[in-house]
Amino acid sequence: MLAKQRFVLDTTAFTDNQLRAMIGDGDLHKAVDKLLDLIARSRIRLNISCHMPPVTYKEFTDYMNRYSCPEDILVKAETWIVKKTPNRYDTQIPSQVFFEYVRDIRERMNKGMRISEAAIWEAAVEAMVMASKGVKKSKIEMEVIGGAIKDFRKKYRGALRRGTLDSAPDLDVLLLAKELGAGVVAADEGIQVWAERLGLRFLDALSFPKMLEEYLKYYE
């Protein structure tokens, strides 16, 4: 029997828009179905197993259900994706990685505060200028406050969330991969950054199906 390979999949391993275009002709259900077929064939013929933490698997199935996923695809996912909760108590993470994560979050918080302060000043000044010209309050709220909130949310989200771990499913993916000695598959910049810092093998969502197809081509 071939040596066993394990991979832990993030939700984005299935839902990435570029992946959808590449293997599903833009259709989410078709892309997920095709990837699950590759996972099933690789499990049987190549001894490759694909895992998800339960919290991540629920995130994935909830996402699919929002888009009216056919029952047969969900049954296929339930069959071929191994659900396992990571051992959060015994899995060892280097203290340096934890130190770097805390420092990264602190820097992001400070950046978020600066973005907040700038947004308040800009909106306040613009609102005062418009008020001095006799512009109605309702128009100021719509044009200044509404626009400022929209711009603030975009910048704040980028500062605090892009490139870092910002959810329990993300963290569980890395902990399970560390526990199993598995590779990580995702289309998430934060997961990639911290997977590499933990010394884990990382494959992006576009590379993973290509790798499975290449393996299967030589086996079949």
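Everything below is about the structure shown above.
Residues numbered from 1 in each chain as written. Predicted model: local features only at pLDDT ≥ 70, side-chain atom pairs only at ≥ 80, totals over all residues. Heavy atoms only, no water.

Asks: Mind showing me how you'd approach unusual backbone geometry here?
Replies: Most peptide bonds take the trans form, and the phi angle of most residues other than glycine is negative. One non-glycine residue with positive phi stands out, namely Asp25, at about 50°. Classification of Asp25 as exposed rests on a relative accessible area of 62%. (Buried < 20%, exposed > 50% of the residue type's maximum accessible area, 1.4 Å probe, protein only.)

Asks: Looking at this model, I keep getting lost on the nonpolar core. Mind explaining?
Replies: If you look at the biggest cluster of nonpolar residues, it comprises 32 residues, and the most contacted ones within it are Leu9, Phe14, Ile39, Phe60 and Phe208. For this core, the elements supplying multiple residues, two or more each, are strand S1 (5-9), helix H1 (12-15), helix H2 (17-24), helix H3 (28-46), strand S2 (48-52), helix H4 (54-66), helix H5 (71-80) and helix H10 (207-219). Ranked by residues supplied to this core, first place goes to H3 with 8 residues. Here Ile39 is in contact with Leu9, Phe14, Cys50, Trp80, Phe208 and Leu212, once residues within four sequence places are set aside. Formed by 17 residues, the second largest nonpolar core is a distinct cluster that contains Val8, Val173, Ala177 and Val184. (Core = buried A, V, L, I, M, F, W, Y, C linked by side-chain atoms within 4.5 Å. Helix = DSSP H or I, 4+ residues; strand = E, 2+ residues; numbered from the N terminus. Contact = heavy atoms within 4.5 Å.)

Asks: Honestly, the environment of Arg103 in this entry has me stumped. Any pointers?
Replies: Tracing the chain through its elements places Arg103 in helix H6 (residues 95-132). Owing to a relative accessible area of 42%, Arg103 belongs among the partly exposed residues under this scheme. Distance from Arg103 to Tyr63, taken between C-alpha atoms, is 32 Å for residues 40 residues apart in sequence.

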